[in-house]
Amino acid sequence: MRILVTGGAGFIGSEFVRGLLTRRTDRVTVLDALTYAGNLANLAPVANLPAFDFIQADIRDAETVEQVMPGHDAVVHFAAESHVDRSIAGATPFVTTNVLGTQVLLDAARRHGVGRFVHVSTDEVYGSIDSGAWSEDQPLDPSSPYSASKAGSDLLALACHRTHRMDVVVTRCSNNYGPYQYREKLIPLFVTRLLTGEQVPLYGDGGNVREWLHVADHCRGIELALDRGRPGEIYHIGGGTELTNRELVGRLLAACGRDWSAVRHVEDRKGHDRRYALSVEKIRNELGYAPQVSFDEGLAATVAWYRDNPDWWRPRGGTPEKAVVGA
Ligand code: NAD
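Residues numbered from 1 in each chain as written. Predicted model: local features only at pLDDT ≥ 70, side-chain atom pairs only at ≥ 80, totals over all residues. Heavy atoms only, no water.

The environment of the ligand is formed by 30 residues, the closest being Ile12, Asp32, Ser82, Tyr146 and Lys150. Contact between the ligand and phenylalanine 78: an oxygen atom at 2.9 Å from a main-chain N or O atom of the residue. Serine 82 places a polar side-chain atom, nitrogen or oxygen, 2.7 Å from an oxygen atom of the ligand. Relative to its unbound accessible surface of 830 Å², the ligand loses 96% to contact with the protein. Counting residues per element, the ones that place at least two in the shell around the ligand are α1 (11-23), β5 (116-122), α5 (145-164) and β7 (175-177). A total of 3 residues in the shell around the ligand trace back to one element, the largest contributor, which is β5. Of the residues belonging to the shell around the ligand, the class tally is 14 nonpolar, 12 polar and 4 charged. (Near = heavy atom within 4 Å. Polar contact = N/O pair within 3.5 Å; in protein donor to acceptor, adjacent residues only side chain to side chain. Areas by Shrake-Rupley, 256 points an atom, 1.4 Å probe, with all protein chains shown as cover. Helix = DSSP H or I, 4+ residues; strand = E, 2+ residues; numbered from the N terminus. Nonpolar A, V, L, I, M, F, W, Y, C, P; charged D, E, K, R; others polar.)

Let us now look at the nonpolar core. Ranked by size, the top nonpolar core spans 34 residues in total, and within it Val5, Phe16, Val17, Val76, Phe78 and Ile222 carry the most contacts. Dropping the residues within four chain positions of it, valine 17 is found in contact with Val5, Gly8, Val28, Val30, Leu43, Val46 and Phe52. If you look at the next biggest cluster of nonpolar residues, it comprises 26 residues, including Val200, Leu202, Ala262 and Val303. (Core = buried A, V, L, I, M, F, W, Y, C linked by side-chain atoms within 4.5 Å. Buried < 20%, exposed > 50% of the residue type's maximum accessible area, 1.4 Å probe, protein only. Contact = heavy atoms within 4.5 Å.)

Another point: the domain arrangement of the chain. As assigned here, the chain comprises domain 1 (2-176 + 214-237) and domain 2 (178-210 + 240-273 + 293-317). Once you take the C-alpha centre of each, domain 1 and domain 2 turn out to be 25 Å apart. The interface of domain 1 with domain 2 comprises 23 residues on the first partner and 18 residues on the second. Seen at the junction of domain 1 and domain 2, the total is 2 salt bridges. Between arginine 86 and glutamate 184 there is a salt bridge, with its nearest N and O atoms 2.6 Å apart. In this structure, the connection of domain 1 to domain 2 is made through 8 residue pairs in polar contact (both at pLDDT 80 or more). (Domains from an automatic or database assignment. Salt bridge = Lys/Arg side-chain N within 4 Å of Asp/Glu carboxyl O.)

Our next topic: the environment of glutamate 297. With respect to the helices and strands, the residue glutamate 297 is situated in helix α10 (residues 295-308). Between the alpha carbons of glutamate 297 and histidine 214 there is a distance of 10.0 Å; along the sequence they are 83 residues apart.

Another point: the pairing of strand β2 (residues 27-32). The element β2 is largely enclosed, with a buried count of 5 among its 6 residues. Pairing of strand β1 (residues 2-6) with β2, which is carried by 5 bridges, proceeds in the parallel orientation. Bridge pairing in β2 places isoleucine 3 opposite valine 28. Between the parallel pair β1 and β2, the chain is carried across by α1, and the sense of this crossover is right-handed. (Pairing = 2+ DSSP bridges. Right-handed = clockwise from strand over helix to strand, strands pointing away.)

Every α-helical turn comprises 3.6 residues, leaving residues that sit three or four positions apart pointing alike. Compared with the 18 Å implied by 1.5 Å per residue over 13 residues, the 19 Å span of α1 between its first and last C-alpha is a close match. Of all 13 residues in α1, 11 are buried; the element is thus mostly enclosed. For α1, the full list of buried residues reads Phe11, Ile12, Gly13, Ser14, Glu15, Phe16, Val17, Arg18, Gly19, Leu20 and Leu21. Where α1 is buried, its residues touch β1, β2, β3 (52-56), β4 (74-77), β7 and α7 (215-228). (Expected span 1.5 Å × (residues − 1).)

For the rest of this paragraph, the subject is the sheet that holds strand β11 (residues 241-244). The strand order across the open sheet built from 3 strands is β7-β9-β11, with neighbouring strands paired in mixed fashion. Unpaired on one side and paired on the other, β7 and β11 mark the two borders of the sheet. Strand-to-strand twist across the sheet, computed as the mean angle between neighbouring axes with direction ignored, equals 45 degrees. With 4 bridges joining them, strand β9 (residues 209-214) and β11 adopt antiparallel strand pairing. Counterpart to arginine 210 in the pairing with β11 is leucine 243. (Axes fitted to C-alpha atoms, helices over the stretch in contact; angles between N-to-C directions.)

Next comes the structure, spelled out in structure tokens:
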């Protein structure tokens, strides 16, 4: 199969591409604009493989997308503006990339008869849930400009299936962690700051609950959806480890050899969702998905990766990690 992977130089997309090219015989084209979040170093382990191609392009650039699309059997669409705090500071790039960019890809994929389009989305489209867990038919109720733009793109992808019978599958996952994650997100930000003796900022009372998913498990779920998901369906991909941010920070402090004096409480994020929780019954029953990485082992390996790879995360100009905080 020849697969077009958008956003393949980012955190999750690069894990997906590295995994695919080391385990399968597919050919992969990565299309990525290399924004602040994209990094070619994430693809270094596969960059010289004959089955790998890279094109630096913006998914909003319809002309280039039109030239790149022919000959691909599937699209796996990761490219997005992905950070909630940045969307609160300025929503426009979120709307243009996440909504308009997705439509550009859907249009080109349909025109060129691409077999399958996997749209990678988030649990944040549902808003917040006090108890229990969402199933895939839960109405969307996003809180932030980021999650609203992802909800818009999900609906456009699903509409493309309903209107044009295009073979679209949508996946929605919980919070990812693992190596190669840009350090504006909670775990890499906290780990790198704690390792360098700095303080870390904790939002509000620290009681917000997130469900953590190792990036390798997420990519396993996406692969199942790509290979065997039913057209027009939504599949949740969850990790099963629910923690308050306070509990998570306690574990990060222990893993980095620091104590609570390293933590500074900061004003809560505007519109901060209290809790996310996904039911994974559907993907488990239909596609045999089960997360394989235990949180304790995954977190220890992630901390070790940041400790061992300072050249990857040391700021490459600017100090974006000062401006934005959280998961
Ligand atoms: P990321 O920010 O690390 O990477 C995004 C990638 O997309 C980067 O390589 C960037 O250069 C590229 N990109 C951004 N705008 C682009 C554009 N206009 N044209 C082409 N490329 C562009 O994001 P991530 O954490 O790897 O997330 C990947 C996908 O998974 C996103 O769609 C995100 O919404 C979704 N998701 C992420 C998480 C998480 O915990 N990280 C959770 C749920 C869903």
